[in-house]
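The primary structure of each chain is shown beneath.
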Amino acid sequence: MDSAKLTFRELNDRIEALPQHPSMSVQASKRTQWGYFIGFAAWGAGLLLAKLLPHNQIYTVVVTAVMLIVELVAMAVAVIPQRPWRLPGFRQERCEYAEQLDFDMPHHAELIQWLRTFPREQLEAMGEYAAHRHERLKDKLPLLTGSLEKLGALPIVIALYIQFKDLHWPPQPSWAEIILGAALVLCYWSSLLQVSVRFRVALYETLLRKAADAPDICTSDHGRCN
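A quick note: this is a predicted structure, and the numbers were derived from the prediction, not measured.

## Remarks on the overall build of the protein
Inference 1: Of the regular secondary structure elements, the protein holds seven helices and zero strands.
Inference 2: Burial status across the protein gives 31% buried among its 226 residues.
Inference 3: Put simply, 85% of the contacts in the protein that link residues at least 6 apart link residues at least 24 apart.

Given below as structure tokens:
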């Protein structure tokens with residue numbers, strides 16, 4: 001009987017289905033994503049409306065102010081953690097990270113055990129291909145955005161600076177400032193997407209190599225091992 005066929009899509013679905021530690025909950029991640037999305041959208045809309053609407057009109061001031069409030073609230077929702085406020089401490093951070101490792105390790109081991117039910121040759125081939133694509137992504141990313149993904153919140157600070165450096169009501173940004181800000185946000189988001197893909201490919205490579213290095217690898221869907 002033919003051996004089972006493993007695909008990267010199936011492996012990715014298994015990874016996505018892994019439970020997460022409460023401190024890394026999906027809800028917080030979604031909240032953060034929506035906060036940034038709404039905040040950047042309000043920022044762009046506010047700049048465009050301030051540029052296109054007639055100056056010195058009351059509705060221009062009102063619309064611009066509303067967009068500014070939406071932007072600041074959305075950014076605050078994205079940045080402020082869901083957990084209660086506390087002063088950061090080295091010991092507390094180390095303890096929480098240790099708890100995350102204790103939570104994640106059994107699920108990680110189960111995933112590797114599942115991979116071991118596939119033929120060793122297939123695991124090795126997929127692991128080598130994942131390593132090749134990982135290297136390609138590491139070479140490709142600097143050509144697109146340099147090290148922009150390592151700047152953290154700096155692009156957000158720059159965008160806010162462009163918006164507030166000549167603060168007056170209603171704001172009158174130049175087209176160059178609007179285009180520059182939009183290009184910065186677009187490059188930053190594209191860079192984050194590329195980094196996310198690169199990290200996932202690196203995880204594929206690690207899991208496949210660990211599974212292929214096991215002493216006993218099943219060679220069929222009936223669990224026969226050699």
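Moving on from the coordinates now.
## Things to note about the packing of helix α4 (residues 90-115) against helix α7 (residues 175-212)
Geometry of a packed helix pair, given as the angle between the helix axes and the separation of the axes.
Inference 1: Relative orientation of the contacting elements α4 and α7 amounts to 60°, with a least axis distance of 9 Å. The orientation of α4 with respect to α7, classified from their angle, is oblique. Judged by the twist between their axes, the crossing of α4 over α7 is right-handed. Where α4 approaches α7, its residues His 108, Leu 111, Ile 112 and Leu 115 are matched on the opposing element by Leu 207, Leu 208, Lys 210 and Ala 211.
Inference 2: Along the lines of polarity and charge, the residues of the contact of α4 with α7 split into six nonpolar, one polar and one charged.

## Observations concerning the pattern of salt bridges
Inference 1: Going through the model one piece at a time under the given rule, you end up with three salt bridges.
Inference 2: Where Asp 13 meets Arg 9, a salt bridge forms, and the shortest distance between an N and an O atom there is 3.4 Å. Of this pair, Asp 13 and Arg 9 both sit in helix α1 (residues 8-16), four residues apart, which is roughly one turn of the helix.
Inference 3: The salt bridge involving Arg 200 is made with Glu 16; its shortest N-O contact spans 3.0 Å. Separated by 184 residues along the polypeptide, Arg 200 in helix α7 and Glu 16 in helix α1 bring together distant segments of the chain.

## Examining the side chain of Glu 205
Inference 1: The topology assignment puts Glu 205 in helix α7.
Inference 2: A distance of 3.4 Å separates a polar atom in the side chain of Glu 205 from a polar atom in the side chain of His 134.
Inference 3: Here Glu 205 is in contact with Gly 127, Ala 130, Ala 131 and His 134, once residues within four sequence places are set aside.

Rules of the game
Numbers given for residues are sequential positions, taken from 1 along each chain in its written order. Totals for whole chains, interfaces and linings use all residues, but because this is a predicted model, local features are given only for residues with pLDDT of at least 70 and pairs of side-chain atoms are given and counted only at 80 or more. The side-chain values count all of the structure's non-hydrogen atoms but skip hydrogen atoms and water molecules. Helix numbering and strand numbering both begin at the N terminus, where a helix is a DSSP run of H or I of at least 4 residues and a strand a DSSP run of E of at least 2. Categorising residues by exposure relies on relative accessible area from a 1.4 Å probe, with only protein chains included: less than 20% of the type maximum marks a residue as buried, more than 50% marks it as exposed, and the intermediate range marks it as partly exposed. Contacts are residue-level and defined by heavy atoms, with any inter-residue pair within 4.5 Å sufficient. Axis lines are fitted to C-alpha atoms, over the contacting stretch for helices. Their N-to-C directions set the angle, which ranges from 0 to 180 degrees. Each angle gets one of four labels, with under 35 degrees taken as roughly parallel, over 145 as roughly antiparallel, 65 to 115 as roughly perpendicular, and the rest as oblique. Each crossing gets its handedness from the near helix: less than a right angle anticlockwise from the far helix is left-handed, clockwise is right-handed. Charged residues are taken to be Asp, Glu, Lys and Arg, nonpolar residues to be Ala, Val, Leu, Ile, Met, Phe, Trp, Tyr, Cys and Pro, and polar residues to be all remaining types, Gly included. We define a salt bridge as a contact between a side-chain nitrogen of Lys or Arg and a carboxyl oxygen of Asp or Glu at a distance within 4 Å. For the purposes of these results, a polar contact is taken to be a pair of N or O atoms within 3.5 Å, where, inside protein, one atom must be able to donate a hydrogen and its partner to accept one; residues adjacent in sequence count only when each atom of the pair is a side-chain atom.

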